[in-house]
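Secondary and tertiary structure notes
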Amino acid sequence: MKKRIILFATAAAISSIGALPLGTLNLMASRISVMKGISAGFAFAWGVLLVEMVYVFFTLQLFQLLAAKKQWLSNLRLVFGKHPPCF
């Protein structure tokens, strides 16, 4: 259980760091705040934060799984080569 709390805290930290630069969601939160009020802007921002935290949490879980399963990682390297393609 302690590992899950640490993983969740890490996901929350990474998610909030990723939200710092001005992006489409941050600009949308600003626009909603101006047009519909601060409470609507905060509601939108909390929704975005929740989705980001869940996304980062599952990404970190996948990385932990891949780190534990060395064979899976080597199989992925066989499929994608030494450097995976950038999409």
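The structure reproduced in this document is the subject of the present report. (Residues numbered from 1 in each chain as written. Predicted model: local features only at pLDDT ≥ 70, side-chain atom pairs only at ≥ 80, totals over all residues. Heavy atoms only, no water.)

Here we come to the overall build of the protein. When helices and strands are tallied, the protein shows four helices and zero strands. The linear arrangement of helices and strands in the protein, starting from the amino end, is α-α-α-α. Considering only intrachain contacts with a sequence separation of at least 6, the fraction spanning at least 24 residues in the protein is 58%. Carbon together with sulfur atoms contributes 74% to the accessible area of the protein, which is approximately 7300 Å² in total. (Helix = DSSP H or I, 4+ residues; strand = E, 2+ residues; numbered from the N terminus. Contact = heavy atoms within 4.5 Å. Areas by Shrake-Rupley, 256 points an atom, 1.4 Å probe, with all protein chains shown as cover.)

Nonpolar side chains tend to gather and get buried jointly when the protein is soluble and globular. Counting residues in each nonpolar core, the largest one holds five residues, listed as Leu7, Ala11, Val56, Phe57 and Leu60. When contributions to this core are tallied by element, the ones reaching two or more residues are α1 (2-18) and α3 (38-68). Take this core: its biggest share by element is three residues, from α3. (Core = buried A, V, L, I, M, F, W, Y, C linked by side-chain atoms within 4.5 Å. Buried < 20%, exposed > 50% of the residue type's maximum accessible area, 1.4 Å probe, protein only.)

The next thing to look at is the packing of aromatic side chains. Taken as a whole and assessed by the stated rule, the structure comprises one aromatic pair. Summarising the aromatic geometry, the rings of Phe57 and Phe58 are spaced 5.6 Å apart at their centres and angled 70° between planes, so their arrangement reads as edge-to-face. Exposure remark for Phe57: the relative accessible area of 16% places this residue in the buried category. Given a relative accessible area of 55%, Phe58 falls into the exposed group. (Phe/Tyr/Trp six-rings, centres within 6.5 Å; stacked < 30°, edge-to-face > 60°.)

Contact geometry of helix α2 (residues 24-36) with α3 gives a least axis separation of 6 Å together with a crossing angle of 155°. For the element pair α2 / α3, the angle class is roughly antiparallel. Crossing of α2 over α3 shows right-handed handedness. In this structure, α2 uses Leu25, Met28, Ala29, Ile32, Ser33 and Lys36 to contact α3, whose residues at the interface are Ile38, Ala40, Gly41, Phe44, Val48 and Glu52. Its residues placed into classes, the contact of α2 with α3 shows eight nonpolar, two polar and two charged. (Axes fitted to C-alpha atoms, helices over the stretch in contact; angles between N-to-C directions. Parallel < 35°, antiparallel > 145°, perpendicular 65-115°, else oblique. Left-handed = near helix turned anticlockwise from the far one by under 90°. Nonpolar A, V, L, I, M, F, W, Y, C, P; charged D, E, K, R; others polar.)

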